[in-house]
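Observations on the model geometry
Chain by chain, the residues run as shown.
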Amino acid sequence: MDLAEYKGVYVIAEQFEGKLRNVSFELLGQGRKLADTIGDEVGAVLIGHNVKPLAQELIAHGAHKVYVYDDPQLEQYNTTAYSKVLCDFFNEIKPNVFLVGATNIGRDLGPRVANSLKTGLTADCTGLSVDDDKKTIVWTRPALGGNIMAEIICPDNRPQMGTVRPNVFKKPEADASATGEIIDMKVDLTDADFLTKFVELIKMGGGGIKIEEADVIVSGGRGMNGSEPFEGMLKELATVLGGAVGASRAAVDAGWIDALHQVGQTGKTVGPKIYVACAISGAIQHLAGMTGSDCIIAINKDEDAPIFKVCDYGIVGDVFQVVPKLTEAIKKHKGLA
Ligand SMILES: Cc1cc2nc3c(=O)[nH]c(=O)nc-3n(C[C@H](O)[C@H](O)[C@H](O)COP(=O)(O)OP(=O)(O)OC[C@H]3O[C@@H](n4cnc5c(N)ncnc54)[C@H](O)[C@@H]3O)c2cc1C
């Protein structure tokens with residue numbers, strides 16, 4: 001393999017029901033930084049049906065080029081068909097780097113493509129950089145229960161692939177005046193490329209704000225002592241702040257709240273503007289999912305709880321007294337009470 005033939009940092013632009021996922025923009029922002037360091041271009045691969053209008057949005061967020069695979073057969077995500085499209089893209093364009101969001105779809109797609117292309121993939125990365133000779137991407141990811149950070153490289157195969165956790169990198173500001181190239185690509189699929197069939201889409205988790213997309217998260221831990229405070233006290237504070245309710249694994253394991261709300265290493269990684277940790281001790285596996293938050297507020301009755309080491313504001317006290325007072329004060333401040 002002549003490594004010099006492979007150029008460009010490419011991001012798989014994930015969209016759902018005609019809307020780009022935030023992670024696509026986060027990857028473009030970081031992809032652009034990597035490309036600038038290498039002295040190369042950054043581009044996006046957009047797959048779906050009637051998705052071309054989204055290309056301009058990707059350009060506004062930093063893409064120099066957007067390759068569009070638009071076809072009615074690609075309307076719904078399909079592992080084997082989308083993998084085939086990406087392998088075709090690789091064979092035609094010969095990218096150096098492929099970045100995939102570590103979403104349900106990305107985690108399904110990434111390994112399949114890497115295996116077909118016989119290249120290396122680092123899963124669930126939280127750090128991306130370029131090594132000193134500017135050839136190889138250094139993929140950083142937590143390993144061994146988050147106790148070590150592994151740095152992994154793919155020196156001899158292309159593309160260099162990785163799935164990257166959502167909410168680790170900041171979404172870049174859109175620049176409506178940015179220009180780029182939109183390239184229509186030929187879709188070449190047969191029935192044999194559809195090993196699975198789309199039957200029905202079942203939406204879960206109700207209509208509330210998802211923690212991955214919330215600007216404010218009010219999370220509860222073991223100290224909440226039951227499901228009632230999640231549905232009452234914490235929900236009320238989250239609602240007043242226009243946010244969502246999160247939880248530690250201890251709370252999820254106790255059955256007080258659904259696993260969709262779990263923050264941490266085996267839950268979701270979040271990066272809201274404000275994260276309120278209520279009766280959460282701050283175990284390393286929990287911190288792995290929320291230290292990217294802009295502002296962390298901790299409420300805990302134990303002044304030695306590790307959460308106080310990472311918070312911006314800390315209140316030592318009983319959550320059952322502090323949270324209702326906080327909610328009341330914010331309501332007053334907002335003119336709601
Ligand atoms: C492989 C692995 C993966 C894991 N993944 C995750 C993960 O994704 N997310 C996650 O969260 N954990 C995860 N964990 C578990 C993690 O190690 C901790 O056990 C968990 O985060 C603890 O949750 P907690 O902080 O709610 O509970 P605890 O550690 O028990 O802390 C409860 C806190 O509440 C305080 N408190 C109690 N009552 C009150 C009160 N009335 N007012 C104020 N404060 C009060 C206590 O002082 C204490 O600090 C994982 C563990 C392993 C081994």
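Remember, it's a predicted structure, so these values are computed and weren't measured experimentally.

From N to C terminus, the protein includes 9 helices and 17 strands. What you see for the protein is a C-alpha radius of gyration of 22 Å, in line with the 20 Å of a compact globule of 337 residues. For the protein, the C-alpha atoms occupy an extent of roughly 65 × 45 × 40 Å along the three principal directions. Considering only contacts in the protein between residues 6 or more positions apart, those separated by 24 or more positions represent 62%. As presented, the protein carries roughly 16,500 Å² of accessible surface, and 51% of it is formed by carbon and sulfur atoms. Averaging the locations of the 34 positively and 44 negatively charged side chains of the protein gives two centres separated by 2 Å.

Moving on, we come to the UniProt feature "binding site: FAD" (unreviewed entry) in the protein. Following the UniProt record, the feature "binding site: FAD" (unreviewed entry) maps to R222, S248, R249, Q262, V263, G264, Q265, T266 and N300 here. Across 79 residues in sequence, these annotated residues place their C-alpha atoms as far as 22.8 Å from one another, rather than forming a single compact spot. Taking relative accessible area as the criterion, V263 reaches 2% and is therefore assigned buried. V263 has contacts with I211, S219, A247, K268, V270, Y275, H286, G289 and M290, leaving out every residue within four places of it along the chain. Summarising the element assignment, N300 is placed in strand β16 (residues 295-300). Not counting the four nearest positions on each side in its chain, N300 is found in contact with A279, I280, S281, A305, I307, F308, I315, V316 and G317. Here I280 takes part through its backbone oxygen, which lies 3.2 Å from a polar atom of the side chain of N300.

Spatially, 3 strands are ordered β8-β9-β10 in an open sheet, and the strand pairing comes out antiparallel. Across the chains shown, the open sheet's two edge strands, defined by having one partner strand only, are β8 (127-130) and β10 (148-152). Neighbour-to-neighbour, the strand axes of the sheet open up by a mean angle of 25°, direction not taken into account. As defined by bridge partners, β8 adjoins strand β9 (residues 137-143) across 4 bridges and the pair is classed as antiparallel. Residue L128 lies in a different strand from β9, and its bridge partner there is W139. Relative to the sheet, helix α1 (residues 22-38) contacts β8 and β9, its axis offset from that of β8 by approximately 15°.

Turning to the domain arrangement of the protein, a few remarks are in order. Parsing the protein into structural domains produces domain 1 (3-193) and domain 2 (216-334). Every contact between the two is made by 8 residues of domain 1 and, on the other side, 10 residues of domain 2. Counting the surface lost from both domain 1 and domain 2, the interface buries some 660 Å², and carbon and sulfur atoms represent 34% of this. Summed over the shared surface of domain 1 and domain 2, the result is 1 salt bridge. The class makeup of the residues in the side of domain 1 that touches domain 2 is 2 nonpolar, 4 polar and 2 charged.

Moving on, we get to the sheet that holds β16. Read across the open sheet, the 5 strands follow the order β14-β13-β15-β16-β17; overall the sheet is parallel. One side of each edge strand has no neighbouring strand; the edge strands of this open sheet are β14 (244-247) and β17 (313-316). Across this sheet, the average inter-strand angle for adjacent strands is 20°, counted without regard to direction. For strand β15 (residues 274-278) and β16, the ladder comprises 5 bridges, and the chain directions are parallel. Bridging across to β16, I274 finds its partner in C295. Where helix α5 (residues 228-240) meets the sheet, it contacts β13 (216-220), β14 and β15, and its direction lies at approximately 125° from that of β14.

What follows is about the environment of I211. With respect to the secondary-structure elements, I211 resides in the loop between β12 (181-184) and β13. For I211 and T269, which are 58 residues apart along the polypeptide, the C-alpha to C-alpha distance reads 8.9 Å. The residues contacting I211, other than those within four sequence positions of it, are I217, A244, V245, G246, L260, H261, Q262, V263, K268 and V270.

Looking at the ligand, there are 25 residues lining it, with R222, S248, T266, S281 and N300 nearest. Q265 has a polar backbone atom sitting 3.0 Å from an oxygen atom of the ligand. Contact distances for the ligand include 2.6 Å between a nitrogen atom and a side-chain N or O atom of T266. Broken down by secondary-structure element, the contributors of at least two residues to the shell around the ligand are α6 (249-253), α7 (284-287) and α9 (319-333).

What counts, and where the lines are drawn
- Residues numbered from 1 in each chain as written.
- Predicted model: local features only at pLDDT ≥ 70, side-chain atom pairs only at ≥ 80, totals over all residues.
- Heavy atoms only, no water.
- Helix = DSSP H or I, 4+ residues; strand = E, 2+ residues; numbered from the N terminus.
- Rg over C-alpha atoms; globule rule 2.2 N^0.38 Å.
- Contact = heavy atoms within 4.5 Å.
- Areas by Shrake-Rupley, 256 points an atom, 1.4 Å probe, with all protein chains shown as cover.
- Lys, Arg positive; Asp, Glu negative; His and termini not counted.
- Charge placed at Lys NZ, Arg CZ, Asp CG, Glu CD.
- UniProt positions renumbered as here; feature names shortened; annotations may be inferred.
- Buried < 20%, exposed > 50% of the residue type's maximum accessible area, 1.4 Å probe, protein only.
- Polar contact = N/O pair within 3.5 Å; in protein donor to acceptor, adjacent residues only side chain to side chain.
- Pairing = 2+ DSSP bridges.
- Axes fitted to C-alpha atoms, helices over the stretch in contact; angles between N-to-C directions.
- Domains from an automatic or database assignment.
- Buried area = accessible area lost by both parts, 1.4 Å probe.
- Salt bridge = Lys/Arg side-chain N within 4 Å of Asp/Glu carboxyl O.
- Nonpolar A, V, L, I, M, F, W, Y, C, P; charged D, E, K, R; others polar.
- Near = heavy atom within 4 Å.

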